[in-house]
Amino acid sequence: MRALGITHPWYNVRDTAKYEPFMHVRFVEDGILWPRKLKDLVKEKLHREIQRPGEAHSSYEDAVAAMDLYRLVRRKWEKAMDYKIKKTREIESKKQ
């Protein structure tokens with residue numbers, strides 16, 4: 001997006017790599033969440049294969065898969081985003 005000169009507010013972004021329920025704990029000791037590969041998420045959540053070995057990578061296929069993942073959890077994701085937006089606005093209003 002940046003390379004194209006397109007910008008939009010953070011609250012309009014839905015990134016499967018940053019949606020906490022799609023993330024995993026990398027090291028049990030620290031409990032920090034890490035993004036998972038789109039390929040792995042799609043296989044687990046949608047039960048289909050993308051980015052198959054020996055085939056050309058399709059950005060179209062990736063985009064469709066990411067949208068399907070979003071649709072799968074849209075209500076929960078939007079509820080989480082509403083909460084984050086509300087909290088951000090509360091913090092911003094206290095600064096003024």
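These figures come from a predicted structure and were not determined experimentally. (Residues numbered from 1 in each chain as written. Predicted model: local features only at pLDDT ≥ 70, side-chain atom pairs only at ≥ 80, totals over all residues. Heavy atoms only, no water.)

Check the secondary structure of the protein and you find 2 helices and 2 strands. Along the protein, from the amino end to the carboxyl end, the secondary structure elements read β-β-α-α. A compact globule built from 96 residues would reach a C-alpha radius of gyration of about 12 Å, whereas the protein, at 16 Å, exceeds it by more than 25%. With the principal axes as the frame, the protein shows a C-alpha extent of 55 × 40 × 25 Å. Per-residue burial over the protein gives 19% buried out of 96 residues. Look at the contacts in the protein between residues 6 or more apart in sequence, and 39% of them connect residues 24 or more apart. Each charge class in the protein was averaged separately, 22 positive and 15 negative side chains, and the resulting centres sit 5 Å apart. (Helix = DSSP H or I, 4+ residues; strand = E, 2+ residues; numbered from the N terminus. Rg over C-alpha atoms; globule rule 2.2 N^0.38 Å. Buried < 20%, exposed > 50% of the residue type's maximum accessible area, 1.4 Å probe, protein only. Contact = heavy atoms within 4.5 Å. Lys, Arg positive; Asp, Glu negative; His and termini not counted. Charge placed at Lys NZ, Arg CZ, Asp CG, Glu CD.)

Further remarks concern the layout of surface pockets. If you add up the space inside the largest pocket, you get close to 290 Å³. What lines the largest pocket is simply Trp10, Val13, Arg14, Asp15, Lys18, Tyr19, Glu20, Pro21, Trp77, Ala80, Met81 and Lys84. For the lining of the largest pocket, the per-class residue count stands at 7 nonpolar, no polar and 5 charged. (1 Å grid on protein atoms, 1.4 Å probe; cavity = no way out; pocket = protein on both sides within 12 Å on 5 of 7 lines; lining within 4 Å. Points joined across faces, edges and corners; volume = space filled by probe spheres on them. Nonpolar A, V, L, I, M, F, W, Y, C, P; charged D, E, K, R; others polar.)

With that settled, the discussion passes to the nonpolar core. Judged by nonpolar contacts, the single largest core of 13 residues is most densely connected at Phe22, Val42, Leu69 and Trp77. The set of elements that each furnish at least two residues to this core consists of α1 (38-46) and α2 (59-95). Setting aside its immediate chain neighbours within four residues, Trp77 contacts Arg14, Asp15, Thr16, Tyr19, Phe22 and Tyr70. (Core = buried A, V, L, I, M, F, W, Y, C linked by side-chain atoms within 4.5 Å.)

This paragraph deals with the side chain of Asp62. The residue Asp62 is located in helix α2 in this model. Buried charge without a partner: Asp62 forms no salt bridge, and the closest opposite charge is Arg52, 8.6 Å away. A distance of 3.1 Å separates a polar atom in the side chain of Asp62 from a polar atom in the side chain of Gln51. A distance of 2.4 Å separates a polar atom in the side chain of Asp62 from a polar atom in the side chain of His57. Setting aside its immediate chain neighbours within four residues, Asp62 contacts Leu38, Ile50, Gln51 and His57. (Salt bridge = Lys/Arg side-chain N within 4 Å of Asp/Glu carboxyl O. Polar contact = N/O pair within 3.5 Å; in protein donor to acceptor, adjacent residues only side chain to side chain.)

Take the environment of Asp68 next. With respect to the helices and strands, Asp68 occurs in helix α2. Apart from residues no more than four positions distant in its own chain, Asp68 is found in contact with Leu46 and Arg48. For Asp68, the side chain forms a polar contact with the side chain of Arg48, separated by 2.7 Å.

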